[in-house]
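Secondary and tertiary structure notes
One-letter residues, chain by chain:
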Amino acid sequence: AAVQGLVLTADGKRIAFGDKDGKIHVVTLADRKMIEIVDSPRGQIRDYVWSPRGNFLAFSMDTNPNRFSAIYVWGVSDGKLRKLTDDMFNSGSPAWDPQGNYLYFLSDREFQPQISQIEFNYATNRTAYIYALALRKDVKHPFPPESDEVTITKPDDASKPKGMPPGEEPKPPAKDINKELKEPA
């Protein structure tokens, strides 16, 4: 099988590569041991990428009859393949955070059909967005929710006229001008 896409770990200890049959192999350079980590049932895998420390390999693979790809991670230490996203949405193009806290990926999750200006049917655009997956429980949310609540505080003495002693309220005007006008102001 033809070798495609050699990817070296940052520490230079391992190489991952794919072949035309949809398999990904990992070679440990110290002992030249090669293992097959996955065999895709539906075509080639081309978006595999090592974690910053070279302990995990992330990629997307189509294993579902709906032809949507999911994000997978293979671990060097235990040799386990873990599925991180479900088959409800098409996901791909994984990328590791430099600190190894997040795994970013693209996913088609927004479907807002619009009437096409070219054809008389519905069209979708802007379906893919960038998503971040926290890789540990202690990692904070990259975009924490912000409160939209407003706190109302008691007005301070800044609204009072200058020279007014603290705690004393301004007196109302002697005459009410609105009562003297015949038409509403």
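Above this note sits the structure.
Below, the structure is looked at part by part. (Residues numbered from 1 in each chain as written. Predicted model: local features only at pLDDT ≥ 70, side-chain atom pairs only at ≥ 80, totals over all residues. Heavy atoms only, no water.)

Examining the side chain of Ser-91
The criterion, for reference: Numbering of helices and strands runs from the N terminus, with a helix taken as a DSSP run of H or I at least four residues long and a strand as a DSSP run of E at least two residues long. Each residue is assigned to one of three classes by its accessible area relative to the maximum for its type, calculated with a 1.4 Å probe on protein chains only: buried under 20%, partly exposed between the two thresholds, exposed over 50%. Polar contact is the term for a pair of N or O atoms within 3.5 Å; when the atoms are in protein, one must be able to donate a hydrogen and the other to accept it, and sequence-neighboring residues count only if both atoms are side-chain atoms. Note on contacts: a residue pair is in contact if any heavy atoms of the two residues lie within 4.5 Å.
In this fold, Ser-91 is placed in strand β9 (residues 90-96). Accessibility expressed as a relative area gives 3% for Ser-91, which makes it buried. Of the polar contacts made by the side chain of Ser-91, one reaches the side chain of Ser-107; its length is 2.9 Å. Setting aside its immediate chain neighbours within four residues, Ser-91 contacts Ser-60, Ser-69, Ala-70, Ile-71, Thr-85, Phe-105, Leu-106, Ser-107 and Arg-109.

Overview of the sheet that holds β9
The test is simple: Strands were regarded as paired on the criterion that DSSP finds at least two bridges between them. Between N-to-C directions, angles cover 0 to 180 degrees, with each direction set by a line fitted to C-alpha atoms, over the stretch in contact for helices.
Strand order in this open sheet of 3 strands is β9-β10-β13, and the pairing throughout is antiparallel. Whereas interior strands pair on both sides, the edge strands pair on one side only; in this sheet they are β9 and β13 (128-134). Each adjacent strand pair in this sheet contributes to an overall mean axis angle of 30°, direction not counted.

Some details on the packing of aromatic side chains
Short version of the rule: Each Phe, Tyr or Trp ring (for Trp, its six-membered ring) is paired with any other whose centre lies within 6.5 Å, and the angle between the two planes then decides the class: stacked below 30 degrees, edge-to-face above 60, tilted in between. Should the NZ of a Lys or the CZ of an Arg lie within 6 Å of a ring centre and within 35 degrees of the ring normal, that charge is described as sitting over the ring.
For the structure on display, the rule yields 3 aromatic pairs. On the numbers, 6.1 Å between centres and 35° between planes, the contact of Tyr-102 with Tyr-104 is tilted. Judged by its relative accessible area of 11%, Tyr-102 falls in the buried class. Take Tyr-104: its relative accessible area is 28%, and that puts it in the partly exposed class. Note that Arg-109 overlies the ring of Tyr-131, its terminal NZ or CZ placed 5.1 Å from the centroid.

Some words on the pattern of salt bridges
Charged atoms that come close allow side chains of opposite charge to pair. Heads up, the rule is: Whenever Lys or Arg places a side-chain nitrogen within 4 Å of a carboxyl oxygen from Asp or Glu, that contact is recorded as a salt bridge.
Following the criterion strictly, the structure yields 6 salt bridges and no others. With its nearest N and O atoms 4.0 Å apart, the salt bridge here joins Glu-36 to Lys-23. Linking Glu-36 in strand β4 (residues 33-39) with Lys-23 in strand β3 (residues 23-28), this pair joins segments that are 13 residues apart in sequence. A salt bridge links Arg-136 to Asp-138; its shortest N-O distance comes to 3.0 Å. On the basis of relative accessible area, Arg-136 is assigned to the partly exposed category, the value being 41%.

Observations regarding the sheet that holds strand β1 (residues 3-8)
Strand order in this open sheet of 4 strands is β1-β2-β3-β4, and the pairing throughout is antiparallel. Two strands lie at the open edges of the sheet, namely β1 and β4, each paired on one side alone. For this sheet, the mean angle separating the axes of adjacent strands, direction not counted, is 25°. In this sheet, β3 lies alongside strand β2 (residues 14-19) in antiparallel orientation, the contact comprising 5 bridges. Along β3, the bridge assignment pairs Gly-18 with Ile-24.

Some details on the nonpolar core
Applicable threshold: We define a nonpolar core as any set of buried Ala, Val, Leu, Ile, Met, Phe, Trp, Tyr and Cys residues linked to one another through side-chain atoms lying within 4.5 Å.
By size, the foremost hydrophobic cluster in this structure holds 16 residues, and its most contacted members are Ile-24, Ile-37, Tyr-48, Leu-57 and Phe-59. Mapped onto this core, the elements with two or more residues apiece are β2, β3, β4, β6 (56-62) and β7 (69-75). Grouped together as the second largest cluster of nonpolar side chains are 6 residues, Ile-71, Val-73, Trp-96 and Phe-105 included.

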